[in-house]
Amino acid sequence: MATTGTEEKVNKPVDPANLTEGEKKHIPVIEAPETVIAGEPFEVTITVGSIPHVMEEKHFIEWMELYLHNKLVGKKELSPSSEKTAKVTFRVEADEALIAIKEIETCRVRGVNICGNCGEKSVITNLRAVEKCNIHGAWEAYKQIEVMSGEEKDEGKKCVWKA
């Protein structure tokens, strides 16, 4: 059972290929770059539902959280009086240490990629968005992103690979 940082049960779609209308209104949609450079800020926008969720007094999204590689990087409390839509943008920065952490956690051969343009390392990791509807509970979604190393190489060049 997946849980949020507060150990609340998190709902998941029964059949991800065939979402129900209720699931389409509650599963977070994550917009983020496919590739980011460690140490450089980037924006992640979370919208609740591919069908927009209502923000009414009796039925609304209470909060949204964003995790990068299982670490909470942002939380926003929402209320029906202050929000017209359940949409939040977080400014995130992947730490260079994430590449080393991911390398230790996974196979040293397959866990870290080497950029063909500059020889720098990169890792594939997850963004995880969790939202809490006051009636239907917590829901989550994931998006994979690639984090490229931002460290300068011996030649003094910073990785310049862009998607």
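Up top you'll find the structure we're talking about.
Worth saying up front: this structure is predicted, and the values here are computed from it rather than measured.

Definitions and limits used
- Residues numbered from 1 in each chain as written.
- Predicted model: local features only at pLDDT ≥ 70, side-chain atom pairs only at ≥ 80, totals over all residues.
- Heavy atoms only, no water.
- Helix = DSSP H or I, 4+ residues; strand = E, 2+ residues; numbered from the N terminus.
- Buried < 20%, exposed > 50% of the residue type's maximum accessible area, 1.4 Å probe, protein only.
- Contact = heavy atoms within 4.5 Å.
- Areas by Shrake-Rupley, 256 points an atom, 1.4 Å probe, with all protein chains shown as cover.
- Pairing = 2+ DSSP bridges.
- Phe/Tyr/Trp six-rings, centres within 6.5 Å; stacked < 30°, edge-to-face > 60°.
- Lys NZ or Arg CZ within 6 Å of the ring centre and 35° of its normal.
- Axes fitted to C-alpha atoms, helices over the stretch in contact; angles between N-to-C directions.
- Salt bridge = Lys/Arg side-chain N within 4 Å of Asp/Glu carboxyl O.
- Polar contact = N/O pair within 3.5 Å; in protein donor to acceptor, adjacent residues only side chain to side chain.
- Core = buried A, V, L, I, M, F, W, Y, C linked by side-chain atoms within 4.5 Å.

Peer 1: Honestly, the overall build of the chain in this entry has me stumped. Any pointers?
Peer 2: A count of helical and extended segments in the chain gives two helices and 10 strands. Traced from its N-terminal end to its C-terminal end, the chain shows the element sequence β-α-β-β-β-β-β-β-α-β-β-β. Buried residues in the chain amount to 44% of all 163 residues. The contacts in the chain between residues at least 6 apart in sequence include a share of 58% that link residues at least 24 apart. Carbon and sulfur atoms make up 49% of the accessible area of the chain, which amounts to about 9300 Å² in all.

Peer 1: Just checking my understanding: could you explain the pairing of strand 10 (residues 137-148) for this structure?
Peer 2: For a regular strand, side-chain orientation follows a simple rule: the groups alternate between the two sheet faces. The element strand 10 is largely enclosed, with a buried count of 10 among its 12 residues. Looking at chain direction, strand 1 (residues 10-11) and strand 10 are connected through two bridges and run parallel. Residue pairing for strand 10: Val10 is matched across the bridge by Ala138. Alignment of strand 9 (residues 121-133) against strand 10, held across 12 bridges, turns out to be antiparallel. Paired with Asn126 across the bridge in strand 10 is Gln144.

Peer 1: What is the right way to look at the packing of aromatic side chains in this model?
Peer 2: On inspection of all chains with the given rule, the structure shows zero aromatic pairs. Over the aromatic face of Trp63 sits the side chain of Lys75, whose NZ or CZ is 4.6 Å from the ring centroid.

Peer 1: Help me out: how do you make sense of the sheet that holds strand 7 (residues 87-92) in this one?
Peer 2: Two modes of strand pairing occur in sheets, parallel and antiparallel, and in both the strands are linked by backbone hydrogen bonds. If you trace the three strands from one edge of the open sheet to the other, you get 2-4-7, paired in antiparallel fashion. Since the sheet does not close on itself, it has two edges, and those belong to strand 2 (28-31) and strand 7, each with one partner. Adjacent strand axes in the sheet meet at a mean angle of 20° when their direction is disregarded. Sheet topology places strand 4 (residues 42-48) next to strand 7; six bridges connect them, and they run antiparallel.

Peer 1: Just to check I follow, could you spell out the pattern of salt bridges for this structure?
Peer 2: Pairs can form between side chains of opposite charge whenever their charged atoms are close. In total, this model carries seven salt bridges according to the counting rule given. Here Arg128 and Glu140 are joined by a salt bridge, their closest N and O atoms 2.8 Å apart. One end of the pair, Arg128, is in strand 9; the other, Glu140, is in strand 10, and 12 residues separate them in sequence. Taken individually, Arg128 and Glu140 each receive the classification buried, so the pair is uniform in this respect. Connected via shared salt-bridge partners are Lys12, Arg128 and Glu140.

Peer 1: Please clarify how unusual backbone geometry should be interpreted in this entry.
Peer 2: Across residues other than glycine, the phi torsion is negative in most instances, and most of the peptide bonds are trans. For His69, which is not glycine, the phi torsion reads 50° and is therefore positive. Its identity is not glycine, yet Asn70 carries a phi of approximately 65°, on the positive side. Under the relative-accessibility criterion, Asn70 is labelled exposed at 68%.

Peer 1: Teacher, can you tell me more about the side chain of His69 here?
Peer 2: Considering the arrangement of structural elements, one finds His69 in the loop between strand 5 (61-68) and strand 6 (71-77). Only 2.7 Å separates the side chain of His69 from the side chain of Thr125, close enough to count as a polar contact.

Peer 1: Which parts of the structure should I look at to understand the nonpolar core?
Peer 2: What tends to happen in soluble globular proteins is that the nonpolar side chains get buried as a cluster. Counting residues in each nonpolar core, the largest one holds 31 residues, and the members touching the most others are Val44, Ile61, Met64, Leu127 and Val147. Of all the secondary structure elements, the ones that give two or more residues to this core are strand 4, strand 5, strand 7, helix 2 (97-105), strand 9 and strand 10. Not counting residues within four places of it along the chain, the set of residues in contact with Met64 comprises Ile46, Val48, Gly74, Lys75, Lys76, Leu78, Ala86, Lys87, Val88, Phe90, Val130 and Glu131.

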